[in-house]
Amino acid sequence: LRDWLMESNLLLDFHATPYLDYRWGDGLFHEFRVFFIDGQIYPASHVISDHWEIHCDNPGLRDRHRLMASDPSLQVQEKKFLNDHVSYLGENALCALEQIQGLIGLDYFGIDFALDASGDLIVFEANAAMRQKVVDIDDFPYLRESVDRIANAFMEMVRSRCLSSGGNGLVG
């Protein structure tokens with residue numbers, strides 16, 4: 001592969017990482033998304049799949065619909081994460097997330113991650129332009145509360161920045 005890439009001139013710069021099998025004891029892959037808003041962690045999703053590459057918004061690949069819709073126990077796991085991410089993730093993962101927050105140092109960003117068998121964080125993406133996915137709210141109404149909590153926290157952060165910078169605070 002390396003030789004082919006070097007000869008093809010398709011990519012001048014690339015990075016490859018080894019595959020990490022992050023399946024849990026149930027044989028399934030668990031991917032999480034959280035947002036950091038004004039220094040606080042807001043859980044957004046816990047999608048569970050039988051495939052390592054988890055999708056939420058591509059039609060035909062939406063793992064929450066494909067697998068979780070037919071298994072209420074998987075939905076219960078997501079609800080537990082959304083309602084009490086501190087207990088669900090554990091101390092190691094929360095400490096790692098807080099360290100990442102300190103390194104990134106932004107008022108708003110999201111992280112997609114998994115936990116390995118030891119409870120350590122595997123980061124897939126940390127992004128200041130990450131958005132909250134709302135494609136599944138109609139079919140999974142339990143997501144509404146976390147979506148609203150995240151949206152409200154974001155709007156409050158923006159309002160407080162407008163007010164502190166001398167603006168009139170009219171946002172939204």
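Everything here concerns the structure above.
The present account deals with the structure reproduced in this document. Model, not experiment: these values are computed from the prediction.

In total, this model carries six salt bridges according to the counting rule given. A salt bridge links D112 to R33, with the nearest nitrogen and oxygen atoms 2.5 Å apart. Of this pair, D112 sits in strand β3 (residues 108-115) while R33 sits in strand β1 (residues 29-37); the two residues are 79 residues apart in sequence, bridging distant segments of the chain. Comparing D112 with R33, the two get one shared label, buried.

This paragraph deals with the environment of A126. Residue placement: A126 occurs in strand β4 (residues 121-127). In sequence terms A126 and Q101 are 25 residues apart; their C-alpha atoms lie 9.7 Å from each other. Setting aside its immediate chain neighbours within four residues, A126 contacts I104, G110 and I111.

On to a nonpolar patch on the surface, then. A contiguous nonpolar surface patch, about 290 Å² in accessible area, is contributed by L103, I104 and L106. Assignment of secondary structure puts I104 in helix α5 (residues 91-104).

Parameters and conventions
Residues numbered from 1 in each chain as written. Predicted model: local features only at pLDDT ≥ 70, side-chain atom pairs only at ≥ 80, totals over all residues. Heavy atoms only, no water. Salt bridge = Lys/Arg side-chain N within 4 Å of Asp/Glu carboxyl O. Helix = DSSP H or I, 4+ residues; strand = E, 2+ residues; numbered from the N terminus. Buried < 20%, exposed > 50% of the residue type's maximum accessible area, 1.4 Å probe, protein only. Contact = heavy atoms within 4.5 Å. Patch = residues over 30% accessible without salt bridge, like charges linked within 9 Å, V, L, I, M, F, W, Y side chains within 5 Å. Areas by Shrake-Rupley, 256 points an atom, 1.4 Å probe, with all protein chains shown as cover.

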